[in-house]
Every structure is written in C-alpha cells, then in structure tokens.
Amino acid sequence: MKKNWWKALAVVLLVFTVVAGMLSNVPRLAILNETIRNLYFHVPMWFGMILILTTSVVYSIKYLRNPTVKNDVIAFEAAKVGILFGVLGIVTGMEWAKFTWGEYWSNDPKQNASAIGLLIYFAYLVLRSSFNEQQQRARISAVYNIFAFAALIPLLFILPRLTDSLHPGNGGNPGFNTYDLDSSLRMVFYPAVIGWTLLGIWIVNVKSRLEILRQRLYETV
C-alpha cells in the first residue's frame, strides 16, 4: 500500500480537477469567459506529454547504454502515452480555439508546430512496426526517439516565439501567468498538472509491466 500512495493521489487530484474545474468560480476575462476552465485540461495535458516523453527519451538513452527489454519497453510505452496526451492536448486546444479565435484550426504557428511534432512521433510508431527483429527494432527506434524529442522541443517552445502567434506566451502575447492566472486558477491548475502527469505515469507503469510479462511468457513458450 505504501508503494501505491501516488496512485491514490492521482485519483484524488483528478477528481478535484474535474469537480473544481467545472464548478469553481473563474475570473471573467474578455473573449475567454467560461472557456478559461479549459486551462485545467488543455495545458496540464501538454505538461504531462512533455514529462512523459522526457521519460521515454531517458529510457531510450538507457537502452543504448544498457540494451535490456525493460528499457526498450518503458521507452516505447511512455512514447505512446505521451502521444496520447499530445492528441488530447491538440483536441482540447482546437475546442478552445473555436471559442476564442473563431475556428478550430487557424494555422497558428503553435498549432502547426504541435501537429508537426506529433507527426514525428507517429512516424516513430510506424518505424517500430517496420522491424521484426527485437534488438534491431529497439536500437533503431531508440536513436529515432532521441532525435524526435530533440526536434519537438524547438518546435513547441522556440519557433512559435519567433513569429506572430495568437497563442498565449508566443509571438509577443503574454502568457496566462503574466496577467490573469490568479490565485483561484492556480489552486486548481497546479493540482491538475500533477494529477494528469501522475495518470500518464500510471498508464505507462501498467502497460510496461504487462508488456514485459507478455514477452517473458512468449519466451517460455
């Protein structure tokens, strides 16, 4: 039970995020209005994606240094969960954009860069499925994963800042924390970041253990 405290924390934080995110008072801001509640879902999912993909690339590096099945499996499962969070982040972002910018997809540099980043990771999944031999698949995909993460960071955090963008924190626009992330929003936002990230880690943990078990059973057959 002592080892599973973080799972209970994840459940508590996510329940709090959903309930408080829907029912708590939020500041009345021009254009944003009630859509500011999406801050508790859209942004934390991107935070979770980055942290989980960081875990993936760390285990890819570990695999290249110590080629074990465990390192390969965790890198792969973390990448898949990171991609899932990225897709959810884009979907929630599109919904937010519809209400604030007038359309789901406005070819904003941040939107386009995010889509390119996800396509790079989708290619990672395709690459892995192209090899039958386990060690070759693991080694090549580990190298690709490192380069994919190296490309993702400037796509999300550097390039959108170098051009005009509607997205907060990019293209000269102030980020939420600069002018309107007040104490009431912070009380839900920070637990949301932790909760969504813990959920992602939990999924990676379960999927990795199941895959390692599956491979061990396959080897004994």
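Every value quoted in this text rests on a predicted model; they were computed, and no experiment measured them.

*Asks:* So, the UniProt feature "transmembrane region" (unreviewed entry) in the protein: which residues are in play, and what are the values?
*Replies:* UniProt tags residues 39-61, 73-93, 113-131, 143-162 and 188-206 as "transmembrane region" (unreviewed entry). When the span residues 113-131 is considered, its composition is 84% helix and 0% strand, and the gap between its end C-alpha atoms is 28 Å. Between the end C-alpha atoms of residues 143-162 the distance is 29 Å, and the span holds 75% helix and 0% strand.

*Asks:* Let's hear about the pattern of salt bridges: which residues, and what values?
*Replies:* Throughout the structure, instances matching the rule amount to four salt bridges. Note that Lys207 is salt-bridged to Glu77, the shortest N-O span being 3.6 Å. Of this pair, Lys207 sits in helix H7 (residues 183-220) while Glu77 is found in helix H3 (residues 69-100), placing the two residues 130 residues apart along the sequence. Accessibility expressed as a relative area gives 2% for Glu77, which makes it buried.

*Asks:* Give a detailed account of the environment of Val19, specifying residues and quantitative values.
*Replies:* On the secondary structure map, Val19 appears in helix H1 (residues 5-23). Owing to a relative accessible area of 45%, Val19 belongs among the partly exposed residues under this scheme. In the structure, Val19 is positioned 169 residues away from Val188 in sequence and 9.8 Å away in space, judged by C-alpha atoms.

Calculation criteria
- Residues numbered from 1 in each chain as written.
- Predicted model: local features only at pLDDT ≥ 70, side-chain atom pairs only at ≥ 80, totals over all residues.
- Heavy atoms only, no water.
- UniProt positions renumbered as here; feature names shortened; annotations may be inferred.
- Helix = DSSP H or I, 4+ residues; strand = E, 2+ residues; numbered from the N terminus.
- Salt bridge = Lys/Arg side-chain N within 4 Å of Asp/Glu carboxyl O.
- Buried < 20%, exposed > 50% of the residue type's maximum accessible area, 1.4 Å probe, protein only.

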